[in-house]
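Below, each chain spelled out in residue letters.
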Amino acid sequence: MPHLFIVGYENDAERKRVEYLLDKWSNRARISKVRGISFIMESGDVEGFAEELLSKLDPPTEGKVRVYRVEPEDIGSKVAPNRREIEYLAQEEPVVVQKLLKYVLSKFGAYYVSSEGNVSRYRAYTKKGRMEIETSVEKTGEGTWVVIGIEGYGSAIDDLAKKLERELSLLL
């Protein structure tokens, strides 16, 4: 059964990432981009509309109009994001650790989004996917406790986690 995907994008960069994904998957699945105009008719006289639509097209009309019955499905609620956590105990002061984390994350393409208390949020886009990163830096009796949570889809999460573990093991 064919699946119709309607992807809304906010900017050209997002569109290009979807185009890249379509190219990547073209040898694993039969994917055809819709050429022409696409729309969803949710109610009304489908046959009457189709008859009038065909009357507006230049002959031959065979194959120019394909109609699929689709059921809306929120795929985002069925596909849960992956999450990885990295924990460290550092001997440096929290201010030093936060600056170090900001530097290392920016090195891997992450950018600062917001912070609240001792928790900072970052976002990163790679060829393998988008990630949300949350860092928590807290002073404890033994040193500075660092927790880095990475959330997103696909293999991007594991790739970034490995890079961060390797980099931070040298620095913390």
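For the structure given in this document, a descriptive report is provided here. Throughout, residues of each chain are indexed from 1 in the direction in which the sequence is written. Note on the predicted model: pLDDT of at least 70 is required for a residue's local features to be given, and 80 or more for side-chain atom pairs to be given and counted; whole-chain, interface and lining totals, by contrast, use all residues. Hydrogens and water are ignored here; the side-chain numbers use all heavy atoms of the structure.

### Notes on the overall build of the protein chain
Counting its regular elements, the protein chain contains 4 helices and 5 strands. Numbering of helices and strands starts at the N terminus; helices are DSSP runs of H or I of at least 4 residues and strands are runs of E of at least 2. Walking the protein chain from its N terminus toward its C terminus, one meets helices and strands in the order α-α-β-α-β-β-β-β-α. Its C-alpha atoms give the protein chain a radius of gyration of 24 Å, more than 25% over the compact-globule value 16 Å for 172 residues. Exposure classes here rest on a 1.4 Å probe applied to the protein chains alone. A residue is buried below 20% of its type maximum, exposed above 50%, and partly exposed in between. Expressed as a percentage of its 172 residues, the buried residues of the protein chain come to 20%. Within the protein chain, contacts between residues at least 6 apart in sequence are counted, and of these 52% link residues at least 24 apart. Approximately 13,400 Å² of the protein chain is accessible, and the part contributed by carbon and sulfur atoms is 52%. A residue counts as positive if it is Lys or Arg and as negative if it is Asp or Glu; His and the chain ends are not included. By convention, the charge on Lys lies at NZ, on Arg at CZ, on Asp at CG and on Glu at CD. Side chains of the protein chain carry 27 positive and 29 negative charges; the gap between the two charge centres is 7 Å. Atoms counted for the radius of gyration: C-alpha only. Globule rule: 2.2 Å times the number of residues to the power 0.38. Any two residues having at least one pair of non-hydrogen atoms within 4.5 Å are treated as being in contact. Residue burial considers only the protein chains on display, and all accessible areas are found by Shrake-Rupley using a 1.4 Å probe.

### Things to note about the sheet that holds strand β4 (residues 129-139)
At least two DSSP bridges between two strands are needed for those strands to be called paired. Spatially, 5 strands are ordered β1-β5-β4-β3-β2 in an open sheet, and the strand pairing comes out antiparallel. The open sheet has two edge strands with one neighbour each: β1 (82-90) and β2 (110-116). On average, each strand axis in the sheet is inclined to that of its neighbour by 20 degrees, with strand direction left out of account. Here β1 pairs with strand β5 (residues 144-152) via 9 bridges, running antiparallel. When the bridges of β5 are listed, E87 appears paired with V147. Whenever a helix is involved, its axis is fitted only over the stretch in contact; in every case the axis is a line through C-alpha atoms, and angles between N-to-C directions fall within 0 to 180 degrees. Strand contacts of helix α3 (residues 94-107): β1, β2, β3 (119-126), β4 and β5, with the helix running at about 170 degrees to β4, the strand carrying the most contacts.

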